[in-house]
Amino acid sequence: MPVFSKILSLAGCAGRQQLRPYSAAAQSQLRELLCQQLSGIQEAGTFKAERIITSSQSTQITVQGSDQKILNFCANNYLGLANNPEIVQYSQQLLAKYGAGLSSVRFICGTQDIHKQLERKIAQFHGREDTILYASCFDANAGIFEAILTPEDAVFSDELNHASIIDGIRLRRAKKQRYKHRNLADLEQQLRSTDARLKLIATDGVFSMDGNIAPLARIVELAKKYDALVFVDECHATGFFGATGRGTEEYDNVMGEVDIINSTLGKALGGASGGYTTGPAELISFLRQKSRPYLFSNTLPPAVVAVGLKVMDMLLSSSELTQRVQSNTQRFREAMTKAGFTIAGENHPICPVMLGDARLASTFADEMLTRGIYVIGFSYPVVPQGKARIRVQISAAHTEAEIDRAIQAFIEVGRSLKVIK
Ligand code: PLP
């Protein structure tokens, strides 16, 4: 089958008349419109096909169509806890004790003792007063700006912030100002010229496409100077970044100085799902009254809460995994740089191997897969034109031998594609 027809069939377009006859004109029109757009996405080369994993999430996975184990370097499983036996067992235990779910939002009859325990543990981990759980960090980001800001207030957002922050800010009625990526002069100029009541600076702690870090210490300094609040999304930092995994504020030596932290339970912290806001008690209390994704969406299920509880216990008692992901990262970055590759970002397990050309990135990733290494090429429009790359993500669960195997494969493919000498 030609590639194009294959993609349309994956997208549900090809052969649909035979598969499902339909009569309603409106539905027929909708299908037609969507198929046209799907074709456009395919033609633009940005159609996202999904590889189907047939094992648990791990450093070694199997995918549909092959029995071979492949080495996984593209999950956000930074601490390698996604299939940790102790966590899985505890999750099964709480599933048996507390049931599959609550069939309710929190404020009606959806709060169990374990939800309160997890909120307390997360607050303790971050050194904050209280925490509110959400179904995801996307929800936490969607719920905060609209709840706390009014038209008298202003939010200053890094232009490369995650989509969920951008969407969350779109929902609020406050003044909306974007500052250039990590550009403190631009941020200061905007803070200086506002007459807003509340001023809130919003930034990702770590930007996931480049693995680069928000200049948090200097942002905090500006916030103090202009009497602003600081909000940080720590999805790519909590649990593994900074000396003990407390995130970007620890990395940049401003522990406790950020006003509001949002993060996820769906990446390093066990990889199940869930998100949260942690910060001042009054803020958390207010969000429980006003934040729409919290008020109008089902409670986090007990088996998922259990994952968070067990991970928090592990992180509160030891930083061993944090140190392991950091040393694995250093091993990969140093050897790749020595081999002649350009690795973007700073000291972070997101290691973008910069290639420039989109087709080269895609061919490179395919070649890596033939050597049993699973990495993904990113190109425009996900990253700027001409800045295609392979984004490697390192985990604490990778062994040094696995890291070295990936490096060796990069060197072989890099030489054969003339990326390095
Ligand atoms: N914020 C950032 C920076 C992210 O990378 C992500 C996930 O991709 C999210 C928020 C959303 O997190 P969740 O998967 O918990 O909704």
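Along each chain, residue indices are assigned from 1 in the same order as the chain's sequence is written. Residues qualify for local features only when their pLDDT is at least 70, as the model is predicted, and side-chain atom pairs are given and counted only at 80 or more; totals for whole chains, interfaces and linings, by contrast, use all residues. With hydrogens and water set aside, each side-chain value is computed from the structure's full complement of heavy atoms.

Undergrad: Looking at this structure, how should I read the packing of aromatic side chains?
TA: The geometry of an aromatic ring pair is captured by two quantities: the separation of the ring centres and the angle between the planes. In this analysis, rings of Phe, Tyr and Trp, with Trp reduced to its six-membered ring, are considered paired at centre separations within 6.5 Å, and the interplanar angle assigns stacked below 30 degrees, edge-to-face beyond 60, and tilted for intermediate values. Inspection of every chain in the model, using the stated rule, returns eight aromatic pairs. On the numbers, 5.5 Å between centres and 35° between planes, the contact of Phe364 with Phe410 is tilted. Of the two residues, Phe364 sits in helix α16 (residues 358–370) while Phe410 sits in helix α17 (residues 400–416), which places them 46 residues apart along the sequence. When accessible area is computed with a 1.4 Å probe and restricted to protein chains, residues below 20% of their type maximum are described as buried, those above 50% as exposed, and intermediate ones as partly exposed. Judged by relative accessible area, Phe410 falls into the buried class, the value being 1%. The residue whose ring lies beneath Lys310 is Tyr90, and the NZ or CZ to ring-centre distance is 4.8 Å. The numbering of helices and of strands both runs from the N terminus, where a helix is a DSSP run of H or I of at least 4 residues and a strand a run of E of at least 2. Geometrically, a charge over a ring is one whose NZ (Lys) or CZ (Arg) sits within 6 Å of the ring centre while staying within 35 degrees of the ring normal.

Undergrad: Which parts of the structure should I look at to understand the site of the ligand?
TA: The near set for a molecule or strand comprises every residue that places at least one heavy atom within 4 Å of it. Within the structure, the ligand sits among 13 residues, and Cys137, Asp233, His236, Thr264 and Lys267 are positioned closest to it. What qualifies as a polar contact is a pair of N or O atoms within 3.5 Å, subject to a donor-acceptor requirement within protein and to the restriction that residues adjacent in sequence count only when both atoms come from side chains. Interatomic distance of 3.0 Å between a backbone N/O atom of Phe138 and an oxygen atom of the ligand. Between the ligand and Asp233 there is a distance of 2.6 Å, counted from a nitrogen atom to a side-chain nitrogen or oxygen. Relative to its unbound accessible area of 390 Å², the ligand is 81% covered by the protein chains. Per-element accounting of the shell around the ligand gives the leading share, three residues, to helix α7 (residues 137–148). Three classes are used, and their members are as follows: Ala, Val, Leu, Ile, Met, Phe, Trp, Tyr, Cys and Pro are nonpolar, Asp, Glu, Lys and Arg are charged, and the others, Gly among them, are polar. A per-class count over the shell around the ligand returns three nonpolar, seven polar and three charged. Here the open area of atoms and residues is found with the Shrake-Rupley method and a 1.4 Å probe, where only the protein chains shown may cover a residue.

Undergrad: Before we go on, may I ask you to explain the pairing of strand β9 (residues 229–233) in this structure?
TA: Judged by how many residues are buried, β9 sits mostly within the fold: four of five residues are covered. As paired strands, strand β6 (residues 199–204) and β9 are joined by five bridges and run parallel to one another. Following the sheet pairing, Thr203 is matched in β9 by Val232. Criterion used throughout: strands pair if DSSP finds at least two bridges between them.

Undergrad: Got a minute to help me understand the UniProt feature "domain: Aminotransferase class I/classII large" (unreviewed entry) in the chain in this structure?
TA: UniProt positions are given in the numbering used here, feature names are shortened, and annotations may be inferred rather than shown by experiment. Residues annotated in UniProt with the feature "domain: Aminotransferase class I/classII large" (unreviewed entry) correspond here to residues 69–410. Each end of residues 69–410 is marked by a C-alpha atom, and these two atoms are 18 Å apart; helix forms 44% of the span and strand 18%.

Undergrad: Even after reading the chapter, I still don't get the pattern of salt bridges, so can you show me in this structure?
TA: Pairing of side chains with opposite charge becomes possible as their charged atoms draw close. Whenever a carboxyl oxygen of Asp or Glu lies within 4 Å of a side-chain nitrogen of Lys or Arg, that contact is scored as a salt bridge. One pass over the full model with this rule turns up 19 salt bridges. Here Asp167 and Arg170 are joined by a salt bridge, their closest N and O atoms 3.1 Å apart. Taken as a pair, Asp167 and Arg170 lie in helix α8 (residues 163–171) at a separation of three residues, close to a single helical turn. Look at Asp167 and you get partly exposed, because its relative accessible area is 30%. Overall, Arg170 belongs to the exposed group, its relative accessible area being 56%. Glu367 serves as the salt-bridge partner of Arg371, at 3.2 Å between the closest nitrogen and oxygen. Glu367 sits in the partly exposed class, given a relative accessible area of 28%. The structure contains a network of salt bridges with shared partners spanning Arg106, Lys116, Glu119, Asp130 and Arg288.

Undergrad: Looking at this model, I keep getting lost on the domain arrangement of the chain. Mind explaining?
TA: Where the parts come together, the accessible area they lose is often given as the size of the interface. What fixes the domain bounds is an automatic or database domain assignment. Splitting the chain by domain gives domain 1 (50–79 + 319–417) and domain 2 (85–317). When each unit is reduced to the centre of its C-alpha atoms, the spacing between domain 1 and domain 2 is 27 Å. Should any heavy atoms of two residues lie within 4.5 Å, those residues are considered in contact. Between domain 1 and domain 2, the contact holds 22 residues from the first and 20 residues from the second. When two parts are brought into contact, each loses some accessible area as probed by a 1.4 Å sphere; the total of that loss over both is the buried area. Interface area for domain 1 against domain 2, summed over the two sides, is near 1,800 Å², with a carbon-plus-sulfur share of 55%. Considering only the side of domain 1, the residues that lose the most area to domain 2 are Leu79, Glu346 and His348, jointly responsible for 29% of the buried surface there. For the interface between domain 1 and domain 2, the tally reads two salt bridges.

Undergrad: Please clarify how the sheet that holds strand β4 (residues 154–158) should be interpreted in this entry.
TA: Hydrogen bonds between backbone atoms are what pair the strands of a sheet, whose relative direction is either parallel or antiparallel. Taken together, the seven strands give an open sheet; going across it, the order is β3-β11-β10-β9-β6-β4-β5, and neighbouring strands pair in mixed fashion. The open sheet has two edge strands with one neighbour each: β3 (130–134) and β5 (175–179). Pairwise comparison of adjacent strand axes, ignoring direction, gives a mean angle of 20° for this sheet. In the sheet, β3 pairs with strand β11 (residues 275–279) via five bridges, with the strands oriented antiparallel. Each bridged residue has a counterpart across the sheet, and for Thr131 the counterpart in β11 is Thr278. Packed on one face of the sheet, helix α10 (residues 216–225) meets β5, β6 and β9 and runs near 155° to β9. Here an axis means a line fitted to C-alpha atoms, over the contact stretch when the element is a helix, while the angle between two N-to-C directions is reported on a 0 to 180 degree scale.

Undergrad: Looking at this model, I keep getting lost on the sheet that holds strand β14 (residues 376–378). Mind explaining?
TA: One open sheet holds the three strands; their spatial order is β12-β15-β14, and the pairing between them is antiparallel. At either end of the open sheet lies a strand with only one pairing partner, and these are β12 (350–356) and β14. Pairs of neighbouring strands in the sheet enclose a mean axial angle of 30°, with direction left out of account. Along the sheet, helix α15 (residues 320–339) contacts β12 and β15 (388–393); its crossing angle with β12, the most-contacted strand, is approximately 20°. Set on the sheet, α16 makes contact with β12, β14 and β15; between it and β15 the angle comes to about 35°.

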